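# Working through the structure, step by step
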Amino acid sequence: MTQPVIRVVVATDAYSEEAVPLALAYAAKIAEIAAIQEPEVIFLTHTKQQIRSGAIASALGAQTSKALANNKAVGIQGGGRISNQTMKTMPQFATNKIVVVCYGEEKILDFADGLSAPAGIVVIPDLEGSANGWIERWNPTVHGAEQSEASEIVDDPIIRAALTSLSEMINLSTGLSHPRDKLVADEILRVLRAKGHVIEPSKIKSWAIRNGWAPDGANELAKVAGKVAKLKTKPNLSKIHDPNGRYERWKSD
């Protein structure tokens, strides 16, 4: 059985002096929890330049940051190693690896959510608030904050039921790549909008990722939702098959 990914946010921003030491400390804790003897910790950056210079590079130290920038792994005290990957070089399969997301903001955090089976994801936000959407999505451990109960991303139970029905009809790994799947998503969202429900694309995207959609597919779903949300009038449902029956089924789920 696949172990759940352990998710942590370690600081308010990448310029905090404690960000890197905390990230490494949490990586060690994740390795302990996951029983990984020789952990591989990957500092994931947007570009190589971010591991060569800047706040995180300074915190790592000149020798370490230079080695990482030259694609060399650096040993960790107590066992294991640190390496660097960028969004262009990082393999999708990250089984049992611990990924430290540097300068975390929406784009790179979505990328990290698309990685396969990491043991943990440790986020150093870019700026204060940059990881708020990701925090809402996953309810991770946030250093210095009390852990709260995970809440529903989408409050409306009928919207959740409709999105669940969509998820059951499509291949979650490919999302809305097939035109028919995209049409079904558009129909579902139009029915919801016509029935008076508020469509929030960002929340629908996070709901989708939390519920197994690949980030690219969730982004595409959010785009469809955005178009429906921006319609100036309620959608006409005359060309949609059985909209009232579908809606009643969502209400009863």
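Residues numbered from 1 in each chain as written. Predicted model: local features only at pLDDT ≥ 70, side-chain atom pairs only at ≥ 80, totals over all residues. Heavy atoms only, no water.

### Observations concerning the overall build of the protein
For the protein, the helix and strand inventory stands at 11 helices and 7 strands. Here the C-alpha coordinates of the protein stretch approximately 65 × 35 × 30 Å along the principal axes. Look at the contacts in the protein between residues 6 or more apart in sequence, and 65% of them connect residues 24 or more apart. Taken as two groups, the 29 positive and 28 negative side-chain charges of the protein have centres that lie 8 Å from each other. (Helix = DSSP H or I, 4+ residues; strand = E, 2+ residues; numbered from the N terminus. Contact = heavy atoms within 4.5 Å. Lys, Arg positive; Asp, Glu negative; His and termini not counted. Charge placed at Lys NZ, Arg CZ, Asp CG, Glu CD.)

### Regarding unusual backbone geometry
In this model, A35 sits at a positive phi of 55°, which is unusual for a non-glycine residue. As for its position among the elements, A35 is in the loop between α1 (19–33) and β2 (40–45). On the basis of relative accessible area, A35 is assigned to the exposed category, the value being 60%. In the Ramachandran plot, N139 falls in the positive-phi region, its phi being about 50° despite a non-glycine side chain. Here N139 shows up in the loop between α6 (132–138) and β7 (141–142). (Buried < 20%, exposed > 50% of the residue type's maximum accessible area, 1.4 Å probe, protein only.)

### Considerations on the packing of helix α7 (residues 157–169) against helix α8 (residues 179–194)
Their axes nearest at 11 Å, the elements α7 and α8 cross at an angle of 165°. The angle between α7 and α8 places the two elements in the roughly antiparallel class. Between α7 and α8 lies a crossing of right-handed hand. From α7, I158, I159, A162, S165, L166 and M169 reach across to α8, where they touch D181, V184, A185, I188 and L192. Looking at side-chain class alone, the contact of α7 with α8 contains 9 nonpolar, 1 polar and 1 charged residues. (Axes fitted to C-alpha atoms, helices over the stretch in contact; angles between N-to-C directions. Parallel < 35°, antiparallel > 145°, perpendicular 65-115°, else oblique. Left-handed = near helix turned anticlockwise from the far one by under 90°. Nonpolar A, V, L, I, M, F, W, Y, C, P; charged D, E, K, R; others polar.)

### Topic: the environment of K230
Of note, K230 is situated in the loop between α10 (215–229) and α11 (243–252). Between the C-alpha atom of K230 and that of I199, which follows or precedes it by 31 residues, the distance is 9.2 Å.

### Some words on the pairing of strand β1 (residues 6–9)
Here β1 pairs with strand β6 (residues 120–125) via 4 bridges, running parallel. The residue of β6 that forms the bridge with V9 is V123. Note that β1 and β7 share 2 bridges and pair parallel. Bridge pairing in β7 links V8 to T141. (Pairing = 2+ DSSP bridges.)

### Remarks on the environment of L24
Assignment of secondary structure puts L24 in helix α1. Exposure remark for L24: the relative accessible area of 29% places this residue in the partly exposed category. Setting aside anything within four residues of it in sequence, one finds L24 in contact with F43 and I82.

### A look at α11
Inspection of α11 places P243, G245, R246, Y247 and W250 among the buried residues, and these make up the whole buried set. Packed against the buried residues of α11 are α7 and α8.

### Describing the pattern of salt bridges
Summed over all chains, the structure comprises 14 salt bridges. Residue R190 pairs with D186 through a salt bridge whose shortest N-O separation is 2.7 Å. With a gap of 4 residues between them, R190 and D186 both fall in helix α8, about one helical turn apart. What emerges from the salt-bridge pattern is a single network uniting E106, D110, D113, R137 and K205. (Salt bridge = Lys/Arg side-chain N within 4 Å of Asp/Glu carboxyl O.)

### Focus on the nonpolar core
Formed by 49 residues in total, the largest nonpolar core has its most connected members in V101, L189, L192, W213, L221 and W250. Residues within four places of L221 in sequence aside, it is in contact with L163, L166, L176, A185, L189, I204, A208 and W213. Counting residues in hydrophobic clusters, the runner-up holds 30 residues, among them V8, Y26, I56 and I124. (Core = buried A, V, L, I, M, F, W, Y, C linked by side-chain atoms within 4.5 Å.)

### Topic: the sheet that holds β2
Sheet strands line up and pair through hydrogen bonds in the backbone, either parallel or antiparallel. With mixed pairing, 7 strands are arranged side by side in an open sheet as β3-β4-β2-β5-β6-β1-β7. Both outer strands of the open sheet, β3 (74–75) and β7, are each paired with one neighbouring strand and no more. α1 contacts β1, β2, β4 (81–86), β5 (98–104), β6 and β7 of the sheet and is inclined by roughly 170° relative to β6.

### Here we look at the side chain of D13
Position of D13 among the secondary structure elements: in the loop between β1 and α1. One buried charged residue, D13, remains without a salt bridge, the closest side chain of opposite sign being R137 at 21 Å. Of note is the side chain of D13, whose polar atom sits 3.5 Å from the side chain of T12. From its side chain, D13 meets the backbone nitrogen of Y15 in a polar contact 2.8 Å long. (Polar contact = N/O pair within 3.5 Å; in protein donor to acceptor, adjacent residues only side chain to side chain.)

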